Amino acid sequence: MSFLGVEQSLTGRRWVGPGVEVDRASEMMAQQTGLPRSVCQVLARRGVPAMEAKGFLEPKLKELLPDPREMKDMEAAATRFLEAVRRKQRIAVFADYDVDGGSSAALLLVWLRQMGLEATLYIPDRIDEGYGPNVPAMQELAAAHDLIICVDCGTLSHEPIAAAKGADVIVLDHHLGGETLPDCVAVVNPNRQDESGDLGYFCAAGVVFLMLVEAGRQLRETGAKGPDLMALLDLVALATVADVAPLIGANRALVRQGLKVMGARNRPGLVALSDVSRMDSAPSTYHLGFLLGPRVNAGGRIGKADLGARLLSTDNPHEAAALAERLDELNTERRDIEGAVRAAALEQAEERGLETPLVWAAGEGWHPGVVGIVASRLKEAANRPAIVIGFDGEEGKGSGRSVSGVDLGASIQRLAAEGLLVKGGGHKMAAGLTVMRDKLEPAMERLSELLAKQGAGQGGPADLKLDGALMPGAASVELIGQIEQAGPFGAGAPAPRYALPDLQVRFAKRVGESHLKLSLSDGMGGGVDAICFGAFDTALGPRLLEHGGARFHFAGRLEINTWGGRQSPQLRLEDAAEA
């Protein structure tokens, strides 16, 4: 049964409220624990038992962080790493060009610098070299280094790693593994085929952090001491959120603690980036995912691939300021490029049809640095897995994003094994691929088949799940503060979403190209401000701007807006329906 009778909202979705069981469980939890009802609602929806509620609200690393040795090859990786440190060997860090890769590299560079070693950073160019280790780069690094550590890549790089003659190689990764592993000192990856998968929720920076925990343990066993690992958690938090790793298990504690570390403003790169992003409040997962992450990514997408890792690892405030400024410029440029590709890709996908198990688009000259973001937009528009591919001559490089319950990475890997792709891989929710033009249609047809078998394409627009209804007067700063106790919120742990029923639009103004700012009123003195990002990319913007005095139900997430030192509640609007 729909919530507030909304069978089809302005974005075409049915609204679904909390089940009776969740309501009962939250009421009982409130009575047993004395916690606010709003917090209990979030915990009940997550399936947290009342007896575990208080522990859940205060996640502690010492209780949630797994023993690093639970991962295969971890002990061997840390032992070889420390051997290189003790012998002052030449170390190179080969990293992916995204936030997770840059943060993973920065973790190692900062740790090694504090131990008196300067490592070489190598990040491949997205266009000229593509993702992961390649033979020429590994040969070049091996000729000048004793140890190469591949972070956020390398699990499927058999040939490039074999080409690193004369150097030892360690892989610290989280992407899906194949049937065989590269021949090297260690492949530490919770998503190897011979792992249980219990720790598969870690991003690469989480795996690197665990390796540094194991290295610290081995150092202590010899009576030595390593750098303060807690001070590195800002980097782990940034990577975890930006790589859309689920905020479950130890990730909750890593991100919660990492946000506190970031708030102390001790890392020059993140201070400079926060300032150019005009962050005016304490760091949150929103800031990491939508302000800082895209800027760190911008270098790898359309600029120089190593800018993000250099920013995150520098201890020089002047260098940090210059790098942050450049990344901010590149991010603006990226938005413009993305807008053009998105419009073309959406038009093409709509012509092909958005009802199929796979939504895809391909175009000549589409920048490889933005195809992943555009794939995300297509996925959101159709509620189906999406692939977007940019061709340069006969070869196309593409990126895909999936929906919950559909493993895209495994299907892409299968296509590569069947010879329909030059290469491809990834994880459940995201994947990358290279395809020749003559194989494009058969590859997409086969991928659509594989995804259909997993249930892709069976539904229309996703239902909008709501946690309840609130009147504007109840949406206070105090309530939002209580709800945030149940955070951090993000992938795998969505922030609660509420409906504010039967309100009028008192004021509406277009902001920038596609956003909408609103002031909502219940007509009895109660009201709340709202912001809707991307409103004019959907039916929401035009309808609410030209509201004609109509009343609407509004749905979204509550947040605290800080302006001029004052705090006020704000609705981050996601949907609306005629009341």
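All of these numbers come straight from a predicted model, not from anything done at the bench.

Peer 1: What am I meant to see in the environment of Ala-106 here?
Peer 2: Positionally, Ala-106 belongs in helix 6 (residues 99-114). In the structure, Ala-106 is positioned 325 residues away from Ala-431 in sequence and 24 Å away in space, judged by C-alpha atoms. Those residues within four positions of Ala-106 in sequence are excluded, and the remaining contacts are Leu-235, Ala-309, Leu-312 and Ser-313.

Peer 1: How do you make sense of the sheet that holds strand 15 (residues 527-532) when you look at a structure like this?
Peer 2: With respect to topology, five strands assemble into a closed barrel ordered 13-14-15-17-16, the strand pairing being mixed. Put simply, the sheet's adjacent strands are angled 45° from each other on average, direction ignored. Taken together, the three bridges between strand 15 and strand 17 (residues 566-578) define a ladder with parallel strand orientation. Within strand 17, the position partnered with Asp-529 by the bridge is Gln-570. Across the face of the sheet, helix 19 (residues 477-484) comes into contact with strand 13 (498-511), strand 16 (551-563) and strand 17 while running at roughly 80° to strand 16.

Peer 1: Which parts of the structure should I look at to understand helix 19?
Peer 2: Given 3.6 residues per helical turn, the α-helix brings residues three or four places apart onto the same face. Taken as a whole, helix 19 has its buried residues at Leu-479, Ile-480 and Ile-483. Here the buried residues of helix 19 occupy an arc of 100° about the axis, which is enough to place them on one side. Summarising the contacts, the buried residues of helix 19 are in contact with helix 2 (37-46), strand 13, strand 16 and strand 17.

Peer 1: Explain the sheet that holds strand 7 (residues 359-364) here, please?
Peer 2: Backbone hydrogen bonds are what pair the strands of a sheet, in a parallel or an antiparallel way. Strand order across the open sheet formed by five strands is 7-8-9-11-10, with mixed pairing between neighbours. Two strands in the sheet have a free side with no partner beyond their single neighbour: strand 7 and strand 10 (423-426). Strand after strand, the sheet turns through a mean of 15° between neighbouring axes, direction not considered. Of the pairings in the sheet, the one linking strand 7 to strand 8 (residues 386-392) comprises six bridges and is parallel in character. Among the inter-strand pairings, Gly-363 is bridged to a residue of strand 8, identified as Gly-390. Against the sheet, helix 16 (residues 371-382) touches strand 7, strand 8 and strand 9 (395-401), its axis set at about 45° to strand 9.

Peer 1: When you look at the packing of aromatic side chains in this model, what are you seeing that I'm missing?
Peer 2: The description of two aromatic rings rests on the distance between their centres and on the angle between their planes. Here the structure, examined in full by the defined rule, presents five aromatic pairs. Relative to Trp-111, the ring of Phe-81 lies with its centre 5.1 Å away and its plane at 45°, an arrangement referred to as tilted. In this pair, Phe-81 sits in helix 5 (residues 74-86) while Trp-111 sits in helix 6, placing the two residues 30 residues apart along the sequence. Summarising the burial analysis for this pair, Phe-81 and Trp-111 share the class buried. With centroids separated by 5.2 Å and ring planes inclined at 20°, the aromatic side chains of Phe-94 and Tyr-122 adopt a geometry described as stacked. Placement of the pair is Phe-94 in strand 2 (residues 91-95) and Tyr-122 in strand 3 (residues 120-122), with a sequence separation of 28 residues. We note that Phe-94, like Tyr-122, is buried.

Peer 1: Please explain the nonpolar core as it appears in this structure.
Peer 2: As a rule of thumb, nonpolar side chains are buried together in soluble globular proteins. Of all hydrophobic cores here, the largest spans 86 residues; its most connected members are Phe-81, Trp-111 and Leu-212. A per-element tally of this core places helix 9 (residues 204-221) first, with 10 residues. Apart from the residues within four sequence positions on either side, Leu-212 is in contact with Phe-81, Leu-107, Leu-108, Trp-111, Leu-229 and Leu-232. Counting 40 residues, the second largest nonpolar core, distinct from the first, contains Val-39, Leu-470, Leu-518 and Phe-536.

Peer 1: I'm lost on unusual backbone geometry in this one. Help?
Peer 2: Most peptide bonds adopt trans geometry, and most residues besides glycine take a negative phi value. Cis geometry marks the peptide bond from Gly-487 to Pro-488; its omega dihedral reads 5°. Relative to the assigned elements, Pro-488 resides in the loop between helix 19 and strand 13. For Leu-4, which is not glycine, the phi torsion reads 60° and is therefore positive. Its place among the elements puts Leu-4 in the segment before strand 1 (15-16).

Peer 1: What is the right way to read the pairing of strand 8 from this model?
Peer 2: The side chains of a regular strand alternate, residue by residue, between the two faces of the sheet. Of all seven residues in strand 8, six are buried; the element is thus mostly enclosed. Taking the sense of rotation as the criterion, the β-α-β connection linking strand 7, helix 16 and strand 8 turns out right-handed. In the sheet, strand 8 pairs with strand 9 via seven bridges, with the strands oriented antiparallel. By the bridge assignment, Asp-392 is partnered in strand 9 with Glu-395. Counting the residues in the hairpin turn of strand 8 and strand 9 gives two residues, including Gly-393, whose phi is positive at 75°.

Peer 1: What am I meant to see in the environment of Asn-189 here?
Peer 2: As for its position among the elements, Asn-189 is in the loop between strand 6 (186-188) and helix 9. Residue classification places Asn-189 among the buried residues on the basis of a relative accessible area of 0%. Note: C-alpha distance between Asn-189 and Gly-200 (11 residues apart in sequence) is 8.1 Å. Contact partners of Asn-189, with chain neighbours within four places excluded, come to Thr-155, Asp-173, His-174, His-175 and Glu-195.

Peer 1: What should I look at first to understand the pattern of salt bridges in this one?
Peer 2: Side chains that differ in sign of charge can pair as their charged atoms come close. Inspection of the entire model under this criterion finds 37 salt bridges. With a shortest N-O distance of 3.4 Å, Asp-146 and Arg-90 are connected by a salt bridge. On the criterion of sequence distance, the pair formed by Asp-146 in the loop between helix 7 (135-144) and strand 4 (147-151) and Arg-90 in the loop between helix 5 and strand 2 is long-range, its members being 56 residues apart. Residue Arg-90 is classed as partly exposed on the basis of its relative accessible area of 43%. Asp-194 serves as the salt-bridge partner of Arg-192, at 2.7 Å between the closest nitrogen and oxygen.

Peer 1: Can you help me understand the pairing of strand 9 in this one?
Peer 2: The element strand 9 is largely enclosed, with a buried count of five among its seven residues. Pairing of strand 9 with strand 11 (residues 430-436), which is carried by seven bridges, proceeds in the antiparallel orientation. Residue Glu-395 lies in a different strand from strand 11, and its bridge partner there is Met-436.

Peer 1: What is the right way to look at helix 16 in this model?
Peer 2: Between its first and last C-alpha atoms helix 16 spans 16 Å; for 12 residues at 1.5 Å apiece the expected length is 16 Å, and the two agree. Taken residue by residue, helix 16 has Val-371, Gly-372, Ile-373, Val-374, Ala-375, Ser-376, Leu-378 and Ala-382 as its buried positions. Packing partners of the buried residues in helix 16 comprise helix 13 (285-302), helix 15 (317-352), strand 7, strand 8 and strand 9. Count one or two residues on from helix 16 and you reach Asn-383, which has phi positive near 55°.

Rules used in this analysis
- Residues numbered from 1 in each chain as written.
- Predicted model: local features only at pLDDT ≥ 70, side-chain atom pairs only at ≥ 80, totals over all residues.
- Heavy atoms only, no water.
- Helix = DSSP H or I, 4+ residues; strand = E, 2+ residues; numbered from the N terminus.
- Contact = heavy atoms within 4.5 Å.
- Pairing = 2+ DSSP bridges.
- Axes fitted to C-alpha atoms, helices over the stretch in contact; angles between N-to-C directions.
- Buried < 20%, exposed > 50% of the residue type's maximum accessible area, 1.4 Å probe, protein only.
- Arc of directions from axis to C-beta.
- Phe/Tyr/Trp six-rings, centres within 6.5 Å; stacked < 30°, edge-to-face > 60°.
- Core = buried A, V, L, I, M, F, W, Y, C linked by side-chain atoms within 4.5 Å.
- Right-handed = clockwise from strand over helix to strand, strands pointing away.
- Salt bridge = Lys/Arg side-chain N within 4 Å of Asp/Glu carboxyl O.
- Expected span 1.5 Å × (residues − 1).

Geometric values such as these leave the question of function open.
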